[in-house]
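# Structural overview for review
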Amino acid sequence: MKLISITTLLTTAALAIASPALSADYTLSINTALTTDDPLYKGLESFRDSVSERTNGAIEVKLFPNSQLGPDEDVLEQARAGAPVAVVVDGGRLAVFQKEFGVLGAPYLASGYDGMRKIVTSPLFEEWVTSLKSASGHQVLSFNWWQGERQLWTNNPVTKPADLAGNRMRTPGAPVWVETIKAMGATPTPMPFAEVYSALQQNVIDSVEAQLPAGQGAKLFEVTKELTKTGHINLITGLVTSAAWFDGLPAELQTALREEALKAGDVASYGTRDALAKIEEDLKAAGVNIAEIDVTPFQEATAGVYETLGYADLREKLQKIAAE
């Protein structure tokens, strides 16, 4: 009989110890409408790698850019049904399940990422997370994925709300977005972001409002000429998955996912902030006229959105948190 060497035994033992890294016990597929060169996607890559390292490969995170798994709403429904999927999504799309989330997309709520981060890491926000889980079956991993301020991409100069009269502007379909764009003077036209480029080409819409990284990634500079910096919405988004899938994880893996999601959100958000100046330079080089305007008329025009949607009292609470 052939003897097994000590070296072979030691190698076999080492492989057994390392086995969790060779075969993941759980897989999480993350969908995003953004492209791979978006700063936020770099945060997702950081999340994928840090989760793998921290869990010794027990959780494998797979990334699907360009909405490869479908529109955000479809992926949210998959998560709600218990599928091991997650999506980078704004609060407006969650407001249909838990109303408070909608205020995160309301106009001129806070200043920059630092202000928004205070809101989405507050005890009050964590109460919303718990309520959402009960209401819809969704689990927020973190909500500090800042994509920048939303600006106007048009083919005609814009300096005031009246300039947008009759303008068909693409925006997400959530009420807070629709009411904001309506208050700004345009005609809100909901559609998936992936369809915006062709819709502009075919004159189905006249304009779009989007943050700089997403607009550059979608090559909006090829189908629009004017970029007006209204900064009307600070786009803060969250990494949201299935509560049923999440609850099926061991407690230490649940903790790892939420903590690493918060860290990766910072990677994504500060990366976005640092990239904005260079993106503006690239857009100018591509022939886009970038206009800095007095946004006061837009602030005044959209102030009533909070009252319309029942967020007036909540606005005061959140702005106080953001200013702390």
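A brief report on the enclosed structure follows. (Residues numbered from 1 in each chain as written. Predicted model: local features only at pLDDT ≥ 70, side-chain atom pairs only at ≥ 80, totals over all residues. Heavy atoms only, no water.)

## Remarks on helix α3 (residues 39-54)
- A rise of 1.5 Å per residue sets the reference length of α3, with its 16 residues, at 22 Å; its end C-alpha atoms lie 23 Å apart and thus fit the reference within 8%.
- Along α3, the residues that are buried comprise Pro39, Leu40, Tyr41, Gly43, Leu44, Phe47, Ser50 and Val51.
- The opening residue of α3 is Asp38, an N-cap whose side-chain oxygen sits 2.8 Å from the backbone nitrogen of Leu40.
- After α3 finishes, the residue Asn56 shows a positive phi value of roughly 55°. (Helix = DSSP H or I, 4+ residues; strand = E, 2+ residues; numbered from the N terminus. Expected span 1.5 Å × (residues − 1). Buried < 20%, exposed > 50% of the residue type's maximum accessible area, 1.4 Å probe, protein only. Polar contact = N/O pair within 3.5 Å; in protein donor to acceptor, adjacent residues only side chain to side chain.)

## Description of the pairing of strand β8 (residues 226-229)
- Residues Glu226 and Thr228 line one face of β8 and the alternating positions Leu227 and Lys229 line the opposite face, and both faces are buried.
- In the sheet, strand β4 (residues 138-154) pairs with β8 via 3 bridges, with the strands oriented antiparallel. Looking at the pairing, Thr154 lines up with Glu226 of β8.
- As paired strands, β8 and strand β10 (residues 289-292) are joined by 4 bridges and run parallel to one another. Paired with Glu226 across the strands is Asn289, a residue of β10. (Pairing = 2+ DSSP bridges.)

## Considering the packing of aromatic side chains
- Overall, the coordinates contain 7 aromatic pairs when judged by the stated rule.
- Three or more aromatic residues joined by ring pairs make a cluster, and in this case those are Phe101, Phe125, Trp128 and Phe143.
- A cation over a ring is seen here: Lys99 above Tyr311, with NZ or CZ 5.6 Å from the ring centre.
- Note that Arg315 overlies the ring of Tyr306, its terminal NZ or CZ placed 4.2 Å from the centroid. (Phe/Tyr/Trp six-rings, centres within 6.5 Å; stacked < 30°, edge-to-face > 60°. Lys NZ or Arg CZ within 6 Å of the ring centre and 35° of its normal.)

## Here we look at unusual backbone geometry
- Backbone geometry at Asn66 places phi at a positive 55°, although glycine is not the residue there.
- Inspection of the secondary structure assignment puts Asn66 in the loop between β2 (59-64) and α4 (72-80).
- Here the phi dihedral of Ser67 falls at roughly 55°; this positive angle occurs in a residue that is not glycine.
- Residue placement: Ser67 occurs in the loop between β2 and α4.

## Side note on the nonpolar core
- Judged by nonpolar contacts, the single largest core of 44 residues is most densely connected at Ile30, Leu44, Phe47, Leu239 and Leu257.
- When residues in this core are grouped by element, the largest group, 8 residues, is from helix α12 (residues 251-285).
- Those residues in contact with Phe47 that sit more than four places away from it in its chain are Ile30, Val61, Leu141, Trp145, Leu239, Leu257, Glu260, Ala261 and Ala264.
- Counting 41 residues, the second largest nonpolar core, distinct from the first, contains Ala79, Leu94, Ala95 and Met116. (Core = buried A, V, L, I, M, F, W, Y, C linked by side-chain atoms within 4.5 Å. Contact = heavy atoms within 4.5 Å.)

## Considerations on the pattern of salt bridges
- In total, this model carries 19 salt bridges according to the counting rule given.
- Between Arg54 and Glu259 there is a salt bridge whose closest N-O contact spans 2.7 Å. Remark: Glu259 occurs in helix α12 and Arg54 occurs in helix α3; sequence separation between them is 205 residues.
- Overall, the relative accessible area of 38% leaves Arg54 in the partly exposed class.
- On the basis of relative accessibility, which here comes to 38%, the residue Glu259 falls in the partly exposed class.
- With a closest N to O distance of 3.1 Å, Lys160 and Asp163 form a salt bridge. (Salt bridge = Lys/Arg side-chain N within 4 Å of Asp/Glu carboxyl O.)

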